[in-house]
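What the coordinates show
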There are 4 protein chains.
Amino acid sequence: MNYQSIIEKLEQKINTFPKTGKVADYIPELKKVNPEKFGLHLSCIDGTDFSFGDSEEAFSIQSISKVYTLALAKEIIGDDLWKRVGVEPSGNPYNSLTQLENENGIPRNPFINAGSIVVADCLLSVLENPKADLLKFVRKISNDQRIEYDQSVAESEIATGSRNIALIYYMKSLGNIHNNPEEVLDFYFYQCALSMTCRQLATSFKIFTNDGKLADTDEQVFDKQSVKRINSIMQTCGFYDEAGEFSYRVGLPGKSGVGGGIVALHPRHYSVAVWSPRLNEKGNSSLGMKALEELTSLTGLSIF
Amino acid sequence: MNYQSIIEKLEQKINTFPKTGKVADYIPELKKVNPEKFGLHLSCIDGTDFSFGDSEEAFSIQSISKVYTLALAKEIIGDDLWKRVGVEPSGNPYNSLTQLENENGIPRNPFINAGSIVVADCLLSVLENPKADLLKFVRKISNDQRIEYDQSVAESEIATGSRNIALIYYMKSLGNIHNNPEEVLDFYFYQCALSMTCRQLATSFKIFTNDGKLADTDEQVFDKQSVKRINSIMQTCGFYDEAGEFSYRVGLPGKSGVGGGIVALHPRHYSVAVWSPRLNEKGNSSLGMKALEELTSLTGLSIF
Amino acid sequence: MNYQSIIEKLEQKINTFPKTGKVADYIPELKKVNPEKFGLHLSCIDGTDFSFGDSEEAFSIQSISKVYTLALAKEIIGDDLWKRVGVEPSGNPYNSLTQLENENGIPRNPFINAGSIVVADCLLSVLENPKADLLKFVRKISNDQRIEYDQSVAESEIATGSRNIALIYYMKSLGNIHNNPEEVLDFYFYQCALSMTCRQLATSFKIFTNDGKLADTDEQVFDKQSVKRINSIMQTCGFYDEAGEFSYRVGLPGKSGVGGGIVALHPRHYSVAVWSPRLNEKGNSSLGMKALEELTSLTGLSIF
Amino acid sequence: MNYQSIIEKLEQKINTFPKTGKVADYIPELKKVNPEKFGLHLSCIDGTDFSFGDSEEAFSIQSISKVYTLALAKEIIGDDLWKRVGVEPSGNPYNSLTQLENENGIPRNPFINAGSIVVADCLLSVLENPKADLLKFVRKISNDQRIEYDQSVAESEIATGSRNIALIYYMKSLGNIHNNPEEVLDFYFYQCALSMTCRQLATSFKIFTNDGKLADTDEQVFDKQSVKRINSIMQTCGFYDEAGEFSYRVGLPGKSGVGGGIVALHPRHYSVAVWSPRLNEKGNSSLGMKALEELTSLTGLSIF
């Protein structure tokens, strides 16, 4: 596969795509981003890398962080995790409370807000220094020590997080939150406020293309079976109530964030991160989805 | 991959699994089946085949037929099909009416009953002899002219199909049924009453492992992109509200039916059909799911 | 109470109210009505009557008929009726299927379509000639032998009744319909197609103001306790998802129909029928509600 | 009406009723109450009073307090109140979040928790010393200066109020809470922790039987129209998702609390308070409902 030529074609094509959608405005900090930004970084399992645009500029990864915390929690806690959160697509918007009401406070999956808050609660029970430990872990699999939390974003989320406060207290009332809700949310908001570049994101997700091993050292960080399963959850639940649409159009497991980032991966081939801050009405990067659809068309490859 | 040895191990293991679940009883004809039946047929893209148990005994394929009608409708109608049915997981049981109410009669996906009834309605508008044309098509891709509808099953469904009558009239009231509801249901019930063996099922699904081409003649029956997309819908929606669980445990696209059959496929590798009539509480073959989970563990391969 | 002067004031005031809302258009026959029609008839328990406008013109009473069938069914079947239909407000539109799904096919109350269809099914099991018997009963309590079903309306409903077909088959699938669905719906559509004047409606509802006795003959047609309870159901459920609003503004039990009619009653004082075909967005007569609100303001009386 | 003899018969009958249901246990303080307690106080508009049992023992009035705050808020704010809370029955349990999600954070009515929290928020915006002002008001209409908040109950609620925290932050996220959520909840929990006897409750509700006037001084505390409308809301929404059942069986407007109290009233006749701590599964006093049903049977009177 001549990725270089594909990426060049893709870059040309991106410029012809219409720019639609709106930058996330639910927290003040996210609104400040330049809507015209676009970056892409593709990282092949053989060690080659391709990129263009603003691929070295850090942005708020938001919900993409849910993959990191899920992977950590699954590794530490094992299958007991599934007693507290499911693996089914929710069929509802990412911050819905309705399903919780009918399902005893067990969120449908770890990629809706409620589910990721439960995962954060689980990690709080087992990590010594949750924020530091998570950062260390992300730096390790990204192979980049410069990654930081964006404090202003985290504080902006805390200040405007009524919906998430509602979610956590609701689950607490149903017995599915074990730690202090404010501490859990603090950790959760910091995780969402990780600031990363397309390169760092693509690099970190190579572990999911590589059966759980770090590409450069061959260290087996995650169990192979676990990785397969996390990829599966990305496939079915990674894009809120647009998971089916992404799977249909792109055909790869992936995860989006309201900061405009999307990471996707073709197991045993490559991981790819795109960034374009304009979101469609489902909260996914409009141009990001289009770029990934185009990428799998150009490569002629998908998991299907 | 030494499939022969894997299949042998699998057969041994199957016998040690506990037998749980109940045979479908919502129509009298399905209740008559022997719950102890078990068959498996694996059909590799290279032309080799492996099987054991009751793999040559025909059973009612039920909802597995929804893949055939979807593939036909997508091929004939193209992307206009998606104006009338979605591609998102429903997060609800297969025969739910609730979501329709909030979504203007557009079913979430073509694998819930409402969605497949809409697909049947679409086919009724374009096929000359819907039942004969469908049968001809299934015989062709299964490479077996002996396949038939089971009339007693079809009539049993018609006689007891109140829920599906409710679904179709509800969608008609919302403008999403164009033909006579009774004729649509007649076609729909016949499609569900297709009687096939594991061998026939696995053979027919090779077309989805093979980018839309018939394995023996290389005839391109379906567009390559369409096949990729139908596989994606199987991945996210093929198992009612247990789609995530199947994807998580097995990691392959597939489709189940309440007759106890499941077909799954590894694109560009193999298709596999299992049959065990005992269903779990979500309506999927209990032992069938277990067998496929074991199969992907033994092969060490999945799309993820 | 000087009703004559109150009615005169009301007539003057009505003419100053803005005319808003739309005539029901879900069946062709209802669309034909002149939207400017307005009639009112008030019938006091002491035998005096007051009216103005088109109070002697017959119109389609539609859902108002649900009170007649409920009263008949309660009288014949007694409290066993409540095993098949509830008495709680639904909080949902009149033709919703959602609640049925969660509540085993037991409709919330007898005044939503699903509930009234169950009542019709109950009557079909106990009446010898359902249509004739109902008509005879309505003529008796209205003291007017001229009342008829409007066949063209009934047939128009049958031809366009997809939603109600969906409702009845859905309940049948859940075991709450005992007779042939088509026969039940035929009876139900005929009941809705009763054609009556404001005078006839107000007269027939005197039985509910008079503890179950016919005003002129003192015949005890309904049990006193039953009447009290039917009035209570009108209070809490008589206006679809606007029952609270009507109760709040008017303060009397009543029942509306999409033909634009409303009947209300002040127990032991009077019954009153209004007719104005323009409906608000909840399906209740816009001017009819306003007129009744004005009436209770002018009399200074309500049950509260 | 010989109330004395009716009350005596009622007392005898009460002792023969089976004792079913469970004392509320969602906060520790409520669990401590003796389940065998029973008190009743009936207060006629003519000034006569009748009582028996533990009618002079104070208990936690809980949701009955929602009538006080609604009446206060309606008096001060007027019809603008209805921009922030509806008057429709909810058809859902008292602490449900589901409806809020579909209706932009506007609670269905002021007697579900969400609705009463909005009312509390409204009062916080207009009262100088909310807790002191409310207490003063309740003492005045109860004609008893001894009424107090039960601090241990209030603190118990605050400590265990996760569901209500979820509700308020959810509404805040939708823009329907204007003050600091913690202050609103503090006020709300104190209002629920009012400790009153059956005598005090019945006396305070005389104002709703008397068109808004204090019985002894004839002071017009509430607008007559407002009282009529608050009574109407009690009729349609006073008993959570059992409002229809209470209306059907008792036929009077009323309000219950999980402390086991119920107040009901017959406008222009009497108000009545009962107390029995065992609750049915809907959260209403089981014996209390039965006693009131019996009372209206014995008097032969209801608003219907």
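Attention in this report is confined to the structure presented alongside it. (Residues numbered from 1 in each chain as written. Chains lettered and ligands numbered in written order. Predicted model: local features only at pLDDT ≥ 70, side-chain atom pairs only at ≥ 80, totals over all residues.)

**Some points on the interface of chain D and chain C**
Counting residues at the interface gives 28 residues for chain D, matched by 28 residues for chain C. For the side of chain D that touches chain C, the secondary-structure elements that each account for two or more residues are helix 11 (224-237) and helix 12 (243-249) of chain D. Here the side of chain D that touches chain C takes 8 residues from helix 11 of chain D, the largest share from any one element. In terms of residue class, the side of chain D that touches chain C is built from 10 nonpolar, 12 polar and 6 charged. (Contact = placed C-beta atoms within 7 Å. Helix = DSSP H or I, 4+ residues; strand = E, 2+ residues; numbered from the N terminus. Nonpolar A, V, L, I, M, F, W, Y, C, P; charged D, E, K, R; others polar.)

**Some remarks on the sheet that holds strand 4 (residues 59-60) of chain B**
Residues and elements named next belong to chain B. Taken in spatial order, the 3 strands line up as 4-6-5 in an open sheet, and their pairing is antiparallel. With one partner strand each, in any of the chains shown, strand 4 and strand 5 (148-149) form the two edges of the open sheet. The pairing of strand 4 with strand 6 (residues 194-196) spans 2 bridges and is classified as antiparallel. Across the sheet, the residue bridging to Ser60 is Ser195, located in strand 6. (Pairing = 2+ DSSP bridges.)

**Looking at unusual backbone geometry**
The backbone of Tyr240(B) sits at a positive phi, close to 55 degrees, despite the residue not being glycine. As for its position among the elements, Tyr240(B) is in the loop between helix 11 (224-237) and helix 12 (243-249). Owing to 24 C-beta atoms within 10 Å, Tyr240(B) belongs among the buried residues under this scheme. Positive phi outside glycine occurs at Asn143(D), with the angle close to 55 degrees. With respect to the helices, strands and loops of the structure, Asn143(D) is situated in the loop between helix 6 (130-142) and strand 5 (148-149). Here Asn143(D) falls in the partly exposed class, since 15 other C-beta atoms lie within 10 Å of it. (Buried ≥ 20, exposed ≤ 12 C-beta atoms within 10 Å, placed from the backbone.)

**Brief notes about the packing of helix 3 (residues 65-77) of chain D against helix 6 of chain D**
All names here are of chain D. Following both chains from N to C, one finds helix 3 and helix 6 inclined at 105 degrees, their axes separated by 11 Å at the closest point. Between helix 3 and helix 6, the crossing angle belongs to the class labelled roughly perpendicular. Residue-level inspection shows Tyr68, Thr69 and Leu72 of helix 3 in contact with helix 6, the latter providing Leu134, Phe137 and Val138. In terms of residue class, the contact of helix 3 with helix 6 is made up of 5 nonpolar, 1 polar and no charged. (Axes fitted to C-alpha atoms, helices over the stretch in contact; angles between N-to-C directions. Parallel < 35°, antiparallel > 145°, perpendicular 65-115°, else oblique.)

**Comments concerning the relation of the copies chain D and chain C**
Superposition of chain D onto chain C requires a rotation of 180 degrees combined with a translation of 0.0 Å along the rotation axis, giving an RMSD of 0.0 Å. Interpreted geometrically, this transformation is the action of a two-fold axis. In this assembly the copies share their binding face: 100% of the residues contributing to the interface of chain D also contribute to that of chain C. (Least-squares fit on C-alpha atoms with pLDDT ≥ 70 in both.)

**Re the nonpolar core**
Core analysis: the largest hydrophobic core is formed by 344 residues, its most contacted members being Val272(A), Val272(B), Val272(C) and Val272(D). If we ignore the near neighbours within four places in the chain, the residues touching Val272(C) are Leu40(C), His41(C), Leu42(C), Ala202(C), Ala264(C), Leu292(C) and Leu295(C). (Core = buried A, V, L, I, M, F, W, Y, C linked by C-beta atoms within 7 Å.)

**Structural notes on the sheet that holds strand 2 (residues 39-44) of chain A**
Strand pairing within a sheet occurs via backbone hydrogen bonds; the two strands may be parallel or antiparallel. Residue and element names in this part refer to chain A. Ordered in space as 3-2-9-8-7, the 5 strands form an open sheet in which the pairing is antiparallel. Bordering the open sheet on either side are strand 3 (49-53) and strand 7 (254-256), each of which pairs with just one other strand. Between one strand and the next, the sheet's axes are offset by a mean angle of 5 degrees, whatever the strand orientation. Alignment of strand 2 against strand 3, held across 5 bridges, turns out to be antiparallel.

**So, the relation of the copies chain A and chain B**
Between the two chain copies there is a screw-like relation: a rotation about an axis and a shift along it. Least-squares fitting of chain A to chain B yields an RMSD of 0.0 Å, with the superposition described by an axial translation of 0.0 Å and a rotation of 180 degrees. An overlap of 100% is found between the interface residues of chain A and their copies at the interface of chain B, pointing to a shared contact surface.

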